[in-house]
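# Structural description and commentary
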Amino acid sequence: VSAGSSVIAEKVKLSADKGGITVAGTINADAKENSQIELIAGGEIILAENAMLTAKTESDKKGGRILLSTTDKVKGGIDIEAGSLIEVGNNEGIRGEVILTAPRLDRNADGVDESINITQVAGEVKGIVGGGFYAEGSKVYRDEDGNITSVDINKYKNDSASYMSLVNRQAVKDTLHPQLQLRPGIEVQSEGDLNLTAELNTADWRYLTLDNDDSVGRVALRAAGNLNINKTISDGFISELLAGNSWSFVLASGADLNSGDYSAVRGDADITLARNTIVRTGNGDISLYAAGDVNFTDQTSVIYNMGRQDVDNAYGKKKVSERVGRDSLVYEYPIEGGNIEITAGGDINGATSDQFMNEWLRRTTKLDRRNSGVTAFGVIINKPVFEQGIGSFGGGNVAITASGDIHNISVMMPTTGKPVGKTMLGSQGFIFEENKVDVKGGGNMFITAGANVTGGSFLTGKGQAEITALGSIQGSSANKNGPLLSMGDSQFKLTAGDDISITGVTDPMIADNG
């Protein structure tokens, strides 16, 4: 992007597998919401003097995102020169996110990575007050036997813990930018098929606090062949929903390992989630890129983003729970959920489920004296009861795209209502005299099929939902008349090249807990 020139779009992505990228002009991705700029290169990324990258939003949830990512270990990596500008956030003070991803470096030649290939951050960075500015030190692991074991996972964990020492993190602030937070990136590559054979749980992959940093990282599993997720991938939860940041996860089959772009795939290799397999995180992102199909083996194969707990007021005026058998199910009210993106070059094959949302979306009203007459609706996370395909519980967006068909996929994006009304002392303890809830969650949903959308169930409690098929939106063996649409304060838009048929439209908040 030469001096004096401009690129303007809501989302901008420039990729150079082998060469570098130099920006001397302007890239403007300012938008109402979901603004994004991605510059991905095998060589250097240079923001020259007078270069300007802006990804501001009008959203009250997130303030835009800018990613500069290089695999260059030989030259200068990322170079942000004086006189350049990077700006995210919005006019209401909502911060955005700026991520500088570059290889980890062993400058001391002692076999231990302690640095990152970023030459300088001399330009101005706006919209990251209070966090959101990251230097992601990426390390690539080549898997030779096609199996990720517990031994491999422990090595990833220990290497990252060593890299995230207080000395290394302080050095990034001292030498590059005082607000820049170091975080680890882990990329596992396989030239053939790749099988996850042990649980990957990053919930305790946390690091000593430095200036209130809450740095976590990103794990990418990239197989040139098929990617088989046979065990759970999890973060954001240890006995209860966590309040801090969570790791992000990227899964790719048919991955072009010559490219630093995680979404670059080729061929027809599949991603398959085995039965009893969960892929979940808190406020991180989950991304699946398949050259071929994405397969959910059965209803116990699920993907969901939980959001994070509100550190200032997690449960409102009362911690609501229910006893179901031997289990105590705690209502959670997540915030700041990350996004879920699933893209397939072939089909996306979901699994029919006999579950209704009552098992994980619980509700109580002032007529139910067991909970002091409180009105609340929350999601159940302390017990893994969710078996309805894909969930987003904290307000993140979901985008699902297949070049072929989308079969029996369910996407659940509820709102939650935390009890915050006034209370008073009653004869048997305190009761609620004010019926008031703090509503969070929802998000936007985008379902796009190059052929048909068949069956499925879709819920959005707040936001916009769009289901688009170049063929038909139609029934399946489970929902013979078509998808079931559940909505609250939201809108659905259905577009098809051929026929549209649905089972019906409902509001889950008017149904009892079953």
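See the structure above.
## Re the pattern of salt bridges
- Using the criterion set out here, one finds 19 salt bridges in the structure.
- Notably, a salt bridge pairs Arg206 with Asp235, separated by 2.9 Å at the nearest N-O pair. On the criterion of sequence distance, the pair formed by Arg206 in the loop between β19 (200-201) and β20 (218-223) and Asp235 in the loop between β22 (233-234) and β23 (237-238) is long-range, its members being 29 residues apart.
- Relative accessible area serves as the criterion here: at 0%, Asp235 is assigned to the buried category.

## Side note on the environment of Leu257
- Of note, Leu257 is situated in the loop between β25 (248-253) and β26 (271-273).
- The buried category is assigned to Leu257, whose relative accessible area is 14%.
- Linking Leu257 and Arg222, residues 35 residues apart in sequence, is a C-alpha distance of 7.7 Å.
- With sequence-adjacent residues up to four places away left out, Leu257 is seen in contact with Arg142, Gln189, Ser190, Glu191, Arg222 and Ala224.

## Quick word on the sheet that holds strand β3 (residues 21-23)
- The four strands lie next to each other as β3-β6-β9-β13, forming an open sheet whose pairing is parallel. Of all strands in the sheet, those bounded by a partner on one side alone are β3 and β13 (118-121). Each neighbouring strand pair of the sheet contributes to a mean axis angle of 10°, computed without reference to strand direction.
- The pairing of strand β9 (residues 78-80) with β13 spans three bridges and is classified as parallel. Its bridge partner being in β13, Ile78 is matched across the sheet by Ile118.

## Side note on helix α2 (residues 166-175)
- Taken residue by residue, α2 has Asn168, Arg169, Val172 and Lys173 as its buried positions. Angularly, the buried residues of α2 cover 140° about the axis, an arc narrow enough to put them on a single face. The exposed residues of α2 that point more than 90 degrees off its buried face are Val167, Asp174 and Thr175.
- Where α2 is buried, its residues touch β15 (133-142), α1 (150-163) and β17 (181-190).

## Re the sheet that holds strand β46 (residues 453-454)
- Pairing is parallel in the open sheet, where nine strands are placed in the order β16-β18-β21-β26-β29-β34-β39-β46-β48. Since the sheet does not close on itself, it has two edges, and those belong to β16 (147-148) and β48 (473-474), each with one partner.
- Judged from the two bridges that link them, strand β34 (residues 348-349) and strand β39 (residues 406-407) form a sheet pairing that is parallel. Looking at the pairing, Asn349 lines up with His407 of β39.

## Quick look at the pairing of strand β38 (residues 398-402)
- Here β38 shows one buried face, formed by Val398, Ile400 and Ala402, and one open face, formed by Ala399 and Thr401.
- Here strand β33 (residues 340-344) pairs with β38 via five bridges, running parallel. Bridge pairing links Ile340 to Val398 in β38.
- In the sheet, β38 pairs with strand β45 (residues 445-449) via five bridges, with the strands oriented parallel.

Procedures and definitions
Throughout, residues of each chain are indexed from 1 in the direction in which the sequence is written. Totals for whole chains, interfaces and linings use all residues, but because this is a predicted model, local features are given only for residues with pLDDT of at least 70 and pairs of side-chain atoms are given and counted only at 80 or more. As a rule here, side-chain values cover all heavy atoms of the structure and leave hydrogens and water aside. A pairing counts as a salt bridge when a side-chain nitrogen of Lys or Arg comes within 4 Å of a carboxyl oxygen of Asp or Glu. Each helix is a run of H or I in the DSSP string that is no shorter than four residues. Each strand is a run of E no shorter than two, and both are numbered from the N terminus. For every residue, the accessible area obtained with a 1.4 Å probe (protein chains only) is divided by the maximum for its type, and the residue is called buried under 20%, exposed over 50%, and partly exposed between those limits. It only takes one pair of heavy atoms within 4.5 Å for two residues to be counted as in contact. When DSSP finds two or more bridges between a pair of strands, those strands are recorded as paired. A fitted line through C-alpha atoms represents every axis, and for helices the fit uses only the stretch in contact; the resulting angles, taken between N-to-C directions, go from 0 to 180 degrees. Note that the arc is computed from the directions linking the helix axis to the C-beta atoms.

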